[in-house]
Amino acid sequence: MRRHLPLLTVAALLAALLGLAPHAPEAHAAPEAPVAPRAPVAAGDQPYASYWHPDTLLNWDPATDPDARFNRSRVPLRPRVSDPALKANANARAGEGKIAALVSFGPTSNNPSQGSTNPHYYAFGHWQYIDKLVFWGGSASEGLILAPNATVIDAAHRNGVKVYGTVFFPPTAYGGQIQWVRDFARKTGSTYPVADKLAQVAQYYGFDGWFINQETAGGDAALATELRNEMRYARSLGPVEFMWYDAMTESGAVTWQDSLTSANDSFLQEGAQRTSDSMFLDFGWSAAGLTSSRTLARSLGRSEYELYSGIDTEANGHNTAVPWASVFPAGQPHVTSLGIYRPEWTFTSSTGRADSHAREARYWDGANGDPSNTTTTSAWKGLAHYVPESSAVTAKPFVTSFGAGQGDFFHSGGVRVSSTGWNNLSLQDVPPTYRWLVTSSGSRLTPSIDFTDAYEGGSSLRLTGRLDAVNTVRLYQTKLPVAADTKLSVVLKTPAAGPTRLKAAVSFTDAPATFTTLDLGSTTTTGWERKTLDLAAFTGRTIAQVGLQASGSAPSYDIRVGQLAVHDGAVDTAAAPTGVTVLGATDVGAGAKSLRLAWTPSASGSVHHYEVYRRNADSTRTFLGATPNDALFVPRLDRAGTETSTTLDIEAVSTEYGRSPAATTTVGWSPSTESNLALGRPATASGRCNSGEGPAKAVNGSVSGGTTDKWCTTASVPWLEVDLGSGRSIDRVTVKHASAGGESASWNTRDFTLQVRSSATDPWTTAATVTGNTAATTTHPVSASARYVRLQITRPTQTTDPAARIYEFEVWGS
């Protein structure tokens, strides 16, 4: 991608070599980067998205690629609906310009196939405004051809968005070689071998096409012709699409047109032959250029909306200067579609999750966090100002737990089954169509995605604020037919038992803007409760919108919605998977392995995803990961004490969130010298509640000595430190909280960090951060060599009780 040289820094130049930044042919030539050989894959190592050079792609075979199975998407592309009567913004024009987003989720060689344990990830959540996502990457040193990973395909397809991989031929200044382009376009007889592989990759992995970015100088007209013929040939092989980037012209030269012209139009359409499905116009376009592009596209028999006028937001995000009137003129038909380069600025420029979500809302929804009101003095009004929302909620069952595809913990049925952070877009629910639309004659409630509690996964919907008038919250545009046994269920939680002051709100296609409400009644506890509503009275009608309506009076209204579902009859389950196999394991520390698992999918029932757990000695289970696929990478399985084997459960979760019986397998452990290094070691602390509750009680190996068999303190900043005596290899830390010793679970430590250092004069290094814990016993992977280990507590209980209570602090290693 071309960019003006003054904007390129040295860091950007280096990043470009790794496929992270736009590429500038004007830059000073860089040394040719060698092609890095791919390291052999160990039996249980992390699988990554596939990437190749043209010659290595020819050797690819999914049967021999150990990562291939983990990169397959199992979510088909869903149809979408966009009712013009339900668009949020009056200015948005239905059926005209579309949006394609070119997104880098990570460096070319470092895109995990199925997510990771890092909760800080770009979990894109505004699918309703885009129609294509390009999985951006490719570099001279790693690979020119990058296939999208399974998680992005799953999330995009669940929202009705097509996904393209990237083929990137860099400028010579960035290591580009024209021979690579010639290798790519080489013809053998009547076939193009690389095109055969491009089609095979897209069809095997389950994505929709390729973005071709050819910026390497040195070509000629013959090579340009072969590239066009190759795209046409590939399209004939099956359902594979191409988007062409405006760089190489029909002469073979790399000269950006910034529009559709006679110099590049045959890359879109050549006579009666369709070459590519769309074209991304470079960033330097003008109003006159786009108008002439529209005229030329129409003369070729193509829609102007198959042209995507590019904007580069990598550096400045929603502060980028864009001549909006040239592409989306007010009150007039759109001139072309819009191509956005690097919208993940909202994440990469942020200071944390909350800031990232605020930037994302400003970028897509506008300055007011309301897509219906994009009034602002800023030139950037938000994409909702121009393009109406689309929704893939077009078939039953529809279930959402408002999962964002990331979290700091994992819940199953409202129970915490893991306190480890994670990201996995395969588990992202369809986000609300409207972010956010709230109507009220008084104070407006504030909806948000809440990461402190969940019914399923790592987040829920939360409504907060002063309730002094009826508040209607439009959530989803839908197309869901109602049968005689159709149910609408809502799982919710209130701070205190009593009236929810909440109703489910539905509208129907015969009057899409008029809501019918159904009361959700009262709660009897402060836990998650399911309210199931019978929709039989509306049989034969089709639901157009689903939302919520709060009414009554409450100075500090606060309610969480953990799940919302529309389904027919009783909740369906799927059969259990079978044939669970450990494909391989790799030691990742003393008493810890990473695993590759596989199984035969459920023989009956509709499966949303499979969840994998380890069984614990106390009959609880710990969540290890989930996927819609039939294979899963488990980044870490920890050995518990000296157990000789660990039993794993794999269960199918149906599309209605019914759960199958578990299929099982076991993982064996070799004899180990691993031990609790903290047992009996000197311990110090910030204080004690009384003389019998000093820090030594936390390292005595016991939790059964009654309520005084613990370390307790009411210090304002509680901490506990253990001296291991010498530098030791630490594998994990286990903390046994209040209820592990028989006390109230409300006193279990909620928020804390684990820190390590090698000497008493070294600064502390944070090894793990935990927020929102409710469990009695928590285990935290730590890979470090240290002498001192410290527990720093920031919130000692689930309530306002100030006392920290730790029954045992175990440091495992050798």
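Since this is a predicted model, take the numbers as computed values, not measurements.

K.L.:
Explanation requested: the overall build of the protein chain in the structure shown.
P.N.:
Looking only at helices and strands, one finds 10 helices and 45 strands in the protein chain. Radius of gyration (C-alpha) of the protein chain: 28 Å, near the 28 Å computed for a compact globule of 814 residues. Dimensions of the protein chain, computed from the C-alpha atoms along their principal axes, are close to 90 × 65 × 55 Å. Within the protein chain, the proportion of its 814 residues that are buried is 58%. Residue pairs in contact within the protein chain that sit at least 24 positions apart in sequence constitute 76% of those at least 6 positions apart. For the protein chain, the computed accessible surface area is about 28,700 Å², with 52% contributed by carbon and sulfur atoms. Once the 67 positive and 72 negative side-chain charges of the protein chain are each reduced to a mean point, those two points are 4 Å apart.

K.L.:
What is the right way to look at the sheet that holds strand β30 (residues 578–589) in this model?
P.N.:
Note on sheets: strands pair through backbone hydrogen bonds, and any given pair is parallel or antiparallel. Ordered by their spatial adjacency, 3 strands build an open sheet running β30-β31-β34, and the pairing between neighbours is antiparallel. Across the chains shown, the open sheet's two edge strands, defined by having one partner strand only, are β30 and β34 (631–638). Across this sheet, the average inter-strand angle for adjacent strands is 20°, counted without regard to direction. As defined by bridge partners, strand β31 (residues 592–600) adjoins β34 across 6 bridges and the pair is classed as antiparallel. Directly across from Leu-595, in β34, lies its bridge partner Val-634.

K.L.:
Explanation requested: helix α5 (residues 193–205) in the structure shown.
P.N.:
Every α-helix winds through 3.6 residues per turn, so residues three or four apart in the chain are directed the same way. Relative to the 18 Å expected for 13 residues at 1.5 Å per residue, α5 spans 18 Å between its end C-alpha atoms, a close match to the ideal helical length. Among the residues of α5, Val-194, Ala-195, Lys-197, Leu-198, Ala-199, Val-201, Ala-202, Tyr-204 and Tyr-205 are the ones counted as buried. Backbone geometry just after α5 places Gly-206 at a positive phi near 90°.

K.L.:
What exactly am I supposed to notice about the packing of aromatic side chains here?
P.N.:
Within a pair of aromatic rings, the relevant descriptors are the distance that separates the centres and the angle that separates the planes. Counted according to the given criterion, the structure contains 37 aromatic pairs. Positioned over the ring face of Tyr-204 is Arg-72, at 3.8 Å from the centre of the ring. Here Arg-353 stacks its cationic end above the ring of Phe-451, 4.2 Å away from the centre of that ring.

K.L.:
Would you explain the sheet that holds strand β25 (residues 511–519) in this entry?
P.N.:
A sheet is described by the order of its strands in space; here 5 strands give the open sequence β18-β21-β28-β24-β25, paired in antiparallel fashion. A strand with exactly one partner marks an edge of an open sheet, and here the two such strands are β18 (437–440) and β25. On average, adjacent strands in this sheet sit at an angle of 30° to one another, irrespective of strand direction. Here strand β21 (residues 471–481) runs beside strand β28 (residues 542–550); their pairing, made up of 8 bridges, is antiparallel. Residue Thr-472 lies in a different strand from β28, and its bridge partner there is Gln-549.

K.L.:
What is the right way to look at the environment of Thr-542 in this model?
P.N.:
Relative to the helices and strands, Thr-542 resides in strand β28. Sequence spacing of Thr-542 and Ala-483 is 59 residues, and the spatial spacing of their C-alpha atoms is 9.2 Å. If sequence neighbours within four positions are ignored, Thr-542 has contacts with Lys-479, Leu-480, Pro-481, Ser-507, Phe-508 and Thr-509.

K.L.:
Is there a simple way to explain the packing of α5 against helix α6 (residues 221–235) in this structure?
P.N.:
Axis angle and axis distance: for two packed helices, these are the angle between their axes and the distance between the axes, and together they describe the pair. Packing of α5 against α6 leaves a shortest axis separation of 9 Å and a crossing angle of 40°. In this view, α5 runs oblique relative to α6, as classed from their interaxial angle. When the axes of α5 and α6 are compared, the crossing they make is right-handed. Residues Val-194, Ala-195 and Asp-196 of α5 form the contact with α6, whose participating residues are Glu-230, Tyr-233 and Ala-234. Grouping the constituent residues of the contact of α5 with α6 by class yields 4 nonpolar, no polar and 2 charged.

K.L.:
In this structure, what is going on with the state of the cysteines? I would like to understand it.
P.N.:
Throughout this description, disulfide means a covalent bond between two cysteine sulfur atoms. One pass over the structure, following the stated rule, counts 1 disulfide. In this model, Cys-689 is linked to Cys-712 through a disulfide, with the two sulfur atoms separated by 2.0 Å. When the S-S torsion is -60°, as for the bridge of Cys-689 with Cys-712, the disulfide is left-handed. With a gap of 23 residues between them, Cys-689 in the loop between β38 (683–685) and β39 (711–713) and Cys-712 in strand β39 connect regions that are remote in the sequence. Given the relative accessible area of 33%, Cys-689 is considered partly exposed. Cys-712 sits in the buried class, given a relative accessible area of 5%.

K.L.:
Just checking my understanding: could you explain the pattern of salt bridges for this structure?
P.N.:
A side chain of one charge can pair with a side chain of the opposite charge if their charged atoms are brought near each other. Scanning all chains against the criterion turns up 47 salt bridges. Taking the shortest distance from any N to any O, the salt bridge between Lys-132 and Asp-131 comes out at 3.1 Å. Asp-131 matches Lys-132 in its accessibility class, with the two residues each being buried. The shortest N-O distance in the salt bridge between Asp-408 and Arg-353 comes to 3.1 Å. One end of the pair, Asp-408, is in the loop between β14 (406–407) and β15 (410–412); the other, Arg-353, is in helix α10 (residues 353–364), and 55 residues separate them in sequence.

K.L.:
Sorry if this is basic, but what is going on with the environment of Trp-669 here?
P.N.:
On the secondary structure map, Trp-669 appears in the loop between β36 (663–668) and β37 (675–676). Among all residues touching Trp-669, those that are not within four sequence positions of it are Gly-591, Ala-592, Lys-593, Leu-637, Asp-638, Arg-639, Glu-643, Thr-644, Ser-645 and Thr-646. A polar atom in the side chain of Trp-669 sits 2.7 Å from the side chain of Thr-646.

K.L.:
Is there a simple way to think about α6 in this case?
P.N.:
Over its 15 residues, α6 runs 22 Å from end to end, which matches the ideal 21 Å to within 8%, given 1.5 Å per residue. Taken together, the buried positions of α6 are occupied by Leu-223, Ala-224, Leu-227, Arg-228, Glu-230, Met-231, Arg-232, Tyr-233 and Ala-234. Looking at the buried residues of α6, the elements they touch are α4 (178–184), α5, β6 (209–214), β7 (241–245), β8 (269–270) and β9 (273–274).

K.L.:
How should I be thinking about the pairing of β36 in this particular structure?
P.N.:
In summary, the side chains of a regular strand alternate between the two faces of the sheet. Where burial is concerned, the two faces of β36 differ: the one with Ala-663, Thr-665 and Val-667 is buried and the one with Thr-664, Thr-666 and Gly-668 is not. Judged from the 6 bridges that link them, strand β35 (residues 645–654) and β36 form a sheet pairing that is antiparallel. Directly across from Ile-650, in β36, lies its bridge partner Ala-663.

K.L.:
Help me understand the pairing of strand β33 (residues 621–627), please; the structure alone is not making it clear to me.
P.N.:
Here β33 lies mainly inside the structure; 5 of its 7 residues are buried. The pairing of strand β32 (residues 607–615) with β33 spans 6 bridges and is antiparallel. Pairing of Tyr-613 across the sheet is with Phe-623, part of β33. Following β32, the chain reverses through 5 residues before pairing antiparallel with β33; Ser-619 in that reversal takes a positive phi of roughly 75°.

Conventions we followed
- Residues numbered from 1 in each chain as written.
- Predicted model: local features only at pLDDT ≥ 70, side-chain atom pairs only at ≥ 80, totals over all residues.
- Heavy atoms only, no water.
- Helix = DSSP H or I, 4+ residues; strand = E, 2+ residues; numbered from the N terminus.
- Rg over C-alpha atoms; globule rule 2.2 N^0.38 Å.
- Buried < 20%, exposed > 50% of the residue type's maximum accessible area, 1.4 Å probe, protein only.
- Contact = heavy atoms within 4.5 Å.
- Areas by Shrake-Rupley, 256 points an atom, 1.4 Å probe, with all protein chains shown as cover.
- Lys, Arg positive; Asp, Glu negative; His and termini not counted.
- Charge placed at Lys NZ, Arg CZ, Asp CG, Glu CD.
- Pairing = 2+ DSSP bridges.
- Axes fitted to C-alpha atoms, helices over the stretch in contact; angles between N-to-C directions.
- Expected span 1.5 Å × (residues − 1).
- Phe/Tyr/Trp six-rings, centres within 6.5 Å; stacked < 30°, edge-to-face > 60°.
- Lys NZ or Arg CZ within 6 Å of the ring centre and 35° of its normal.
- Parallel < 35°, antiparallel > 145°, perpendicular 65-115°, else oblique.
- Left-handed = near helix turned anticlockwise from the far one by under 90°.
- Nonpolar A, V, L, I, M, F, W, Y, C, P; charged D, E, K, R; others polar.
- Disulfide = S-S within 2.5 Å.
- Salt bridge = Lys/Arg side-chain N within 4 Å of Asp/Glu carboxyl O.
- Polar contact = N/O pair within 3.5 Å; in protein donor to acceptor, adjacent residues only side chain to side chain.

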